[in-house]
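Chain residues, written in single-letter form:
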Amino acid sequence: MSNERKSNSGKSETSTEEWLEITIGNFGKWQCWISFLLSLFKFPIAWVQMSIIFLARSTQFWCSQPIEFSNMTEQQWVEFSRPSGEKYDLNQLNNGFCNMKDLSGGNESLPCSDGYDYNRTVFESSIITEWDLICGKERLVDVSQIILMSGILIGNILFGLYADRYGRKIILIICIVIQTIFGFIASWSPWYWGFVISRFLVAVANGGTLVVSFVMCVEIVGGKWRAIIPILVQTPFGIGYSFMGVLAYYIRNWRQFQYTLSAISALFLWYIWLIPESPRWLFVKGRQMEGRRILEKAAKFNGIKTEVFEQNFEKLSSLPTDTKKPSFGDLFSTPILAKRTIWLCLIWFFDGISFFTITQYVGHVGQNIFLTVIAGGFLTIPGQLICLYMIDKFGRRNTIASWTLVSAVCFLSIIYFPKGMYPHDWQRLTLTGIGIIGVSISLCAVYLFTGELLPTVIRNTGLGLCSVCSRIGSMLAPLIISLHDIAPFLPLLLLGIFNVIEFFLLLMLPETAGTHLPEVISDLEVKKYKSKKHKNNNDYVAVPTVGDPKV
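Below: a short report on this structure. (Residues numbered from 1 in each chain as written. Predicted model: local features only at pLDDT ≥ 70, side-chain atom pairs only at ≥ 80, totals over all residues. Heavy atoms only, no water.)

Okay, the overall build of the chain next. Helix and strand content of the chain: 24 helices and 8 strands. Looking at the chain residue by residue over its 551 residues, the buried ones come to 53%. Taking the contacts inside the chain whose residues are at least 6 apart along the sequence as the reference set, 78% of them involve residues at least 24 apart. Split by element, the accessible area of the chain, about 24700 Å² in all, is 63% carbon and sulfur. (Helix = DSSP H or I, 4+ residues; strand = E, 2+ residues; numbered from the N terminus. Buried < 20%, exposed > 50% of the residue type's maximum accessible area, 1.4 Å probe, protein only. Contact = heavy atoms within 4.5 Å. Areas by Shrake-Rupley, 256 points an atom, 1.4 Å probe, with all protein chains shown as cover.)

Attention shifts here to helix α19 (residues 380-394). For α19, spanning 15 residues, the distance from its first C-alpha to its last is 21 Å, which sits close to the expected 21 Å at 1.5 Å a residue. Positive backbone phi, at 95°, marks Gly-395, one or two positions downstream of α19. (Expected span 1.5 Å × (residues − 1).)

What follows concerns a nonpolar patch on the surface. On the surface, a cluster of nonpolar side chains totalling about 890 Å² of accessible area is made up of Trp-33, Phe-36, Leu-267, Trp-270, Ile-272, Trp-273, Leu-274 and Phe-301. Mapped by element, the contributors of at least two residues to the nonpolar patch are α2 (29-39) and α13 (271-274). Considering each element in turn, the nonpolar patch owes the most residues, 3 residues, to α13. Secondary-structure assignment places Trp-33 in helix α2. Accessibility expressed as a relative area gives 36% for Trp-33, which makes it partly exposed. (Patch = residues over 30% accessible without salt bridge, like charges linked within 9 Å, V, L, I, M, F, W, Y side chains within 5 Å. Salt bridge = Lys/Arg side-chain N within 4 Å of Asp/Glu carboxyl O.)

Membership of the largest hydrophobic core comes to 90 residues, with the highest contact counts inside it found for Leu-38, Phe-41 and Tyr-271. If we ignore the near neighbours within four places in the chain, the residues touching Tyr-271 are Leu-37, Leu-38, Leu-40, Phe-41, Lys-169, Ile-173 and Ile-176. The next biggest cluster of nonpolar side chains, apart from the first, holds 30 residues, and it includes Phe-54, Val-141, Tyr-192 and Phe-195. (Core = buried A, V, L, I, M, F, W, Y, C linked by side-chain atoms within 4.5 Å.)

What follows concerns the pattern of salt bridges. Close approach of charged atoms lets side chains of opposite charge pair. Under the criterion given, the structure shown has 7 salt bridges. Across the salt bridge formed by Arg-255 and Glu-130, the nearest N and O atoms sit 3.0 Å from each other. Taken together, the residues span a long stretch of sequence, with Arg-255 in helix α12 (residues 254-266) and Glu-130 in helix α6 (residues 127-131) at a distance of 125 residues. Glu-130 gets classed as partly exposed once you look at its relative accessible area, which sits at 34%. The closest approach of N and O atoms between Arg-396 and Glu-452, which form a salt bridge, is 2.9 Å. Here Arg-396 is found in helix α20 (residues 396-414), whereas its partner Glu-452 is found in helix α21 (residues 426-453), with 56 residues between them in sequence. An identical accessibility class is assigned to Arg-396 and Glu-452; each is buried.

Right, let's get into the packing of aromatic side chains. Inspection of the entire model under this criterion finds 29 aromatic pairs. Judged by centre distance (5.8 Å) and plane angle (15°), the rings of Phe-184 and Trp-188 are stacked. Highlighted residues: Phe-184 and Trp-188, both in helix α8 (residues 168-188), separated by 4 residues, approximately one helical turn. Aromatic pair Tyr-249 and Tyr-250: ring centres 5.0 Å apart, planes at 90°, arrangement edge-to-face. (Phe/Tyr/Trp six-rings, centres within 6.5 Å; stacked < 30°, edge-to-face > 60°.)

Let us now look at unusual backbone geometry. Where the residue is not glycine, phi is negative for most of them; where a peptide bond is considered, it is trans in most cases. Of note, Asp-132 is a non-glycine position whose phi angle comes to about 50°, a positive value. Structurally, the position occupied by Asp-132 is in the loop between α6 and α7 (139-166).

As far as function goes, none of this settles anything; it's purely spatial.
If you want it as structure tokens, here you go:
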């Protein structure tokens, strides 16, 4: 049976899945090195999205001590100046008062005329202490994070689209430059809104690196490694999250903390010389000579002799090309692609809601914020290893669907164990932990699943749109959690329903394990696949046969 397709000109075409294997191998030292470099982007991705934990850590506050009362200790002043009837506990976070009693002996409470002081035992400074984001201005912390998340949304869409049009490498470099410049500006800004706008632009660039770096990892490997590498490159996110906790432990000043993270991120500017363009994208765009030069260097890096590479490359037939500039409209250009896009967007939306709602529902109960963050980052690694095993053993769709259903059962089961009924609420905690693992595995695998369902020419664009849907879902998490005040079971009930809906949506998509990556949109017109074992490895790949019925 032939594994070649016919172009419009009648010339046979070979899929990039095959030329990758024939020319440089599905995985070698070159792919390992590039994948490692791309995985390091997860460090700044984690820092940008999660650093608000340390930048805006809640702390105790009180009215500043006038000079005439400077002989009092801090504790004495707090007790002396607090308005009558108000309690204050220095051991509780975000505890303080916005007024002080009338020091002249009156019974009225007066505004803090000399400003505010803060408990700086844990953190020397934060954006809260810098701009007094208390006493009616607390929501500005949430505003800054919402604006940052909006920047990631825009970056997912904007740079995902541009990477499909102009190339992966150039967009990555642009994102690194923007992220570096405005990261430093954010650490220097003397104004709150200057800080917010700078972080917004950092987030736009961060959203671009998130999508583009992942897609490049998918495109440079083949065979069984196409499932392994995109999962493993997620690991540095948890490590970076933990490293941030270590860094914050030693750097308690928010400006120095932000500056240090930006300085480390600036090291990625070396990627101008270290990262090549995606050869798969170059070939699909008809830039054959550029793609060949990169493959020659990769083959040499992998220990393949030049003459052997030349012989193998000459055996290849032409590759499918699509030089048309992609747009979001292309995601809905055919019925098959439109259905995939809609189902994937909904799946990512529900995943975003589930993950951020359940993690906030549990809350960070640890008293030591540094230890909590460090441990929390490293705990993501086991989930990724479970995901890696299951997608290889049971496939992408089945792995995501099964854990989504497990999460739904866990969330709904928690309702039947009222809080406080059993010692330490061990049933609730156990079910919640399993549910979080399930959602984490689903999120990890859905990246790979989405990348394999979308053609190369619009892969970045589609992943960008899906990421946006996930971010929108994450923004709804606080609203869902607030339903707990109406009825404690409502958030859990909604999470269970959302996961059940996602389970059925997943069943409407095809399995991608063992299939070729689609290169152009027309590749999706072939649905029925037959397995063919490659002689050079033990991986089964799906080979489309001419004349098979459409999806």
